[in-house]
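Chains, contacts and geometry: an overview
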Amino acid sequence: MQTMPAHAAHHDDREIETLEEFDATVSARGTLAGHRVQAVDLTDRTRELLSTDTAGAIFLGCAMREDAAAKIRGDGALVFPPVPDLPFDPYRGLVYSPDELFASLPDGYEATPDARTYAWFQRTKADGDIYASMLRAVHDDSVSDALDELLSGAPVVGVMGGHAMARGTEQYAGAARLGRELARAGFTVATGGGPGAMEAANLGAYAAPFGEDMLTESLELLAKAPRFTPSITQWATAAFEIRGRWPRGGRSIGIPTWFYGHEPPNAFASHIAKYFANATREDGLLARSNAGVVFLPGAAGTVQEIFDNATPNYYESRGEPTPMVLVNRAHWTEKLPTWPLLRSLARGRSMEARIALVDRIEEAPEALKRLGG
């Protein structure tokens, strides 16, 4: 079974993102000079802050007592205080977990941090306020930083597909088997983090450590709440019931956006990098899929992703072209004839050997391995 590299092993060793890291750094080094402390509650670390050198350090959104803040500023550190009354933390050091985004789900989806953040975004996105747009940008940059640390060294395969694919369908089951197959083959599965095909692939990765029965039963249970409309609460609750019944599933990544905030994130991705800016999210998802991308049948969004992915492969602007596997011949040659155009683009270039069209989902992992050499 593949595991993603441990988070702390790869980030800049001057970055402190948890209270444990703070304590370890103070005791091992005796100084915080030049360090970056991100979103750590230091209210109970006044003694350490008063007695430790913090010259050139930067404290991003760390709660602390006023005397500690004054002393730190005196040392020449920069202090960006926490922003009151925000439903999210712009300086966060780690990506989200499903439990964090769906906290308070028993009180209804509207009560969750995910829904409250979307409501804040709806209120502020049109008013042109530099402060709100700055908070969104700082948040998205923090999430990108955390995601890079999490994925350092991992072979990532993106699975793209529409949000409209309902639970209980053969297509959904197929996408889940694909996610499971990829995870078992040692890949880290990354999706757009939403419902439909995205949820199915994350579910498959979650199911990877378990036997066949777990996935079969999960698909049956989920079919009782096939879509996230009319009730996101019921749709998400069904997923958490499965996570409760089969805890400690396989790891995978979801990369959703509050730009499409009416679509909730799915609870099967173990790590969720949620963004405000959809463009940052789209580009980030494809750029991080270093071991290739599988495109399941979708509509305009998936077509856009195919060519967003094809362009750097065509120009080799990210280095060697990465594998692209399109699934479902009829869909990509007749319904939305993307494949002929992709093949024409690739002709005579090194990406030609890195694209494939397969008929069945089951063929995708093998095609990926073949194209990846």
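Residues numbered from 1 in each chain as written. Predicted model: local features only at pLDDT ≥ 70, side-chain atom pairs only at ≥ 80, totals over all residues. Heavy atoms only, no water.

Per an unreviewed UniProt entry, the protein chain goes by Rossmann fold nucleotide-binding protein and derives from Streptomyces lomondensis.

**A short note on the packing of helix H8 (residues 170-184) against helix H10 (residues 212-222)**
Packed helix pairs are specified by the crossing angle of their axes together with the interaxial distance, meaning the distance between the axes. Our working definition: To define axes, lines are fitted to C-alpha atoms, for helices over the stretch in contact only, and angles between the resulting N-to-C directions are given on a 0 to 180 degree scale. Secondary structure elements are taken from DSSP: a helix is a run of H or I of four residues or more, a strand is a run of E of two residues or more, and numbering for both begins at the N terminus. Take the far helix as the reference: if the near one is turned anticlockwise from it by less than a right angle, the crossing is left-handed, and if turned clockwise, right-handed. By definition in these notes, contact holds between two residues if any of their heavy atoms fall within 4.5 Å. Ten residue types, Ala, Val, Leu, Ile, Met, Phe, Trp, Tyr, Cys and Pro, are classed as nonpolar, four, Asp, Glu, Lys and Arg, as charged, and the remainder, Gly among them, as polar.
Two elements in contact, H8 and H10, have axes separated by 11 Å at closest approach and are oriented at 145°. Regarding H8 and H10, the two cross each other, and that crossing is right-handed. Between H8 and H10, the residues in contact are Tyr172, Ala173, Ala176, Arg177 and Arg180 and Glu212, Leu215, Leu219 and Leu222, respectively. When grouped by side-chain class, the residues that make up the contact of H8 with H10 number 6 nonpolar, no polar and 3 charged.

**Regarding the sheet that holds strand E10 (residues 324-327)**
Note the cut-off: For two strands to count as paired, DSSP must find a minimum of two bridges between them.
The sheet built from 7 strands is open, its strands ordered E8-E7-E6-E5-E9-E10-E11 with parallel pairing. Sheet topology places strand E8 (271-272) and strand E11 (355-358) at the edges, where each strand pairs with a single neighbour. Most of the contacts of helix H9 (residues 197-207) go to strand E6 (residues 188-191), to which it runs at about 160°, and overall it touches strand E5 (156-160), E6 and strand E7 (253-254).

**Here's the deal with the side chain of Asn309**
We apply this condition: We call a residue buried when its accessible area falls under 20% of the maximum for its residue type, exposed when it is over 50%, and partly exposed in between, using a 1.4 Å probe and counting protein chains only.
With respect to the helices and strands, the residue Asn309 is situated in helix H13 (residues 300-315). When its relative accessible area of 2% is taken as the criterion, Asn309 is described as buried. Asn309 has contacts with Leu286, Val293, Phe295 and Met324, leaving out every residue within four places of it along the chain.

**So, the nonpolar core**
This is how it is decided: Among buried residues, the Ala, Val, Leu, Ile, Met, Phe, Trp, Tyr and Cys ones that are joined through side-chain atoms within 4.5 Å form a nonpolar core.
Within the largest apolar cluster, 53 residues are counted, with the highest numbers of intra-cluster contacts made by Leu178, Leu182, Leu203, Val294, Leu296, Val325 and Val327. Elements with a contribution of two residues or more to this core: E5, H8, H9, H10, helix H11 (232-245), E10, E11 and helix H16 (364-372). Once residues lying within four places of it in the same chain are set aside, the contact partners of Leu178 are Val159, Val294, Leu296, Ile361, Ala364 and Pro365.

**Points about the pattern of salt bridges**
Threshold: Within this document, salt bridges are pairs made up of a side-chain nitrogen of Lys or Arg and a carboxyl oxygen of Asp or Glu, the two lying within 4 Å of each other.
Applying the stated criterion to the full structure yields 20 salt bridges. Taking the shortest distance from any N to any O, the salt bridge between Glu362 and Arg177 comes out at 3.6 Å. Note that Glu362 is positioned in the loop between E11 and H16 and Arg177 in helix H8, a separation of 185 residues in sequence. Residue Glu362 is classed as partly exposed on the basis of its relative accessible area of 41%. Residues Arg354 and Glu320 are paired through a salt bridge, measuring 3.3 Å at the closest nitrogen-oxygen approach.

**Concerning the layout of surface pockets**
Under the convention used in this document: Cavity means a closed set of points on a 1 Å grid over the protein atoms alone, one where a 1.4 Å probe fits but cannot get out, pocket means an open set with protein on both sides within 12 Å along at least 5 of 7 lines, and lining means a residue has an atom within 4 Å of a point. Grid points are joined across faces, edges and corners, and a volume is the space filled by probe spheres set on the points.
Empty space within the largest pocket amounts to approximately 790 Å³. Considering the residues around the largest pocket, the lining is formed by 41 residues, among which Gly161, Gly162, His163, Gly298 and Thr302 are closest to the centre. Of all elements in the fold, only E5, H8, helix H12 (278-288), H13 and helix H14 (329-335) reach the threshold of two or more residues within the lining of the largest pocket. Per element, the largest residue contribution to the lining of the largest pocket is 5 residues, and it comes from H13. Of the residues in the lining of the largest pocket, the class split is 15 nonpolar, 16 polar and 10 charged. Quantified by volume, the second largest pocket comes out at close to 160 Å³. Lining of the second largest pocket is provided by Glu15, Arg36, Gln38, Leu60, Tyr91, Val138, Asp141, Ser142 and Asp145. Of all the secondary-structure elements, those providing two or more residues to the lining of the second largest pocket are strand E2 (36-38) and helix H7 (130-151).

**Details of the pairing of E11**
Burial along E11 is two-sided: Ile355 and Leu357 and Ala356 and Val358, pointing in opposite directions, are all buried. Bridging between E10 and E11 involves 4 bridges; their strand directions are parallel. Bridge assignment links Leu326 to a residue of E11, and that residue is Leu357.

**Notes on the sheet that holds E2**
Read across the open sheet, the 4 strands follow the order E1-E2-E3-E4; overall the sheet is parallel. In this open sheet, the two edge strands, each paired with only one partner strand, are strand E1 (15-16) and strand E4 (78-80). As defined by bridge partners, E1 adjoins E2 across 2 bridges and the pair is classed as parallel. Pairing of Ile16 across the sheet is with Val37, part of E2.

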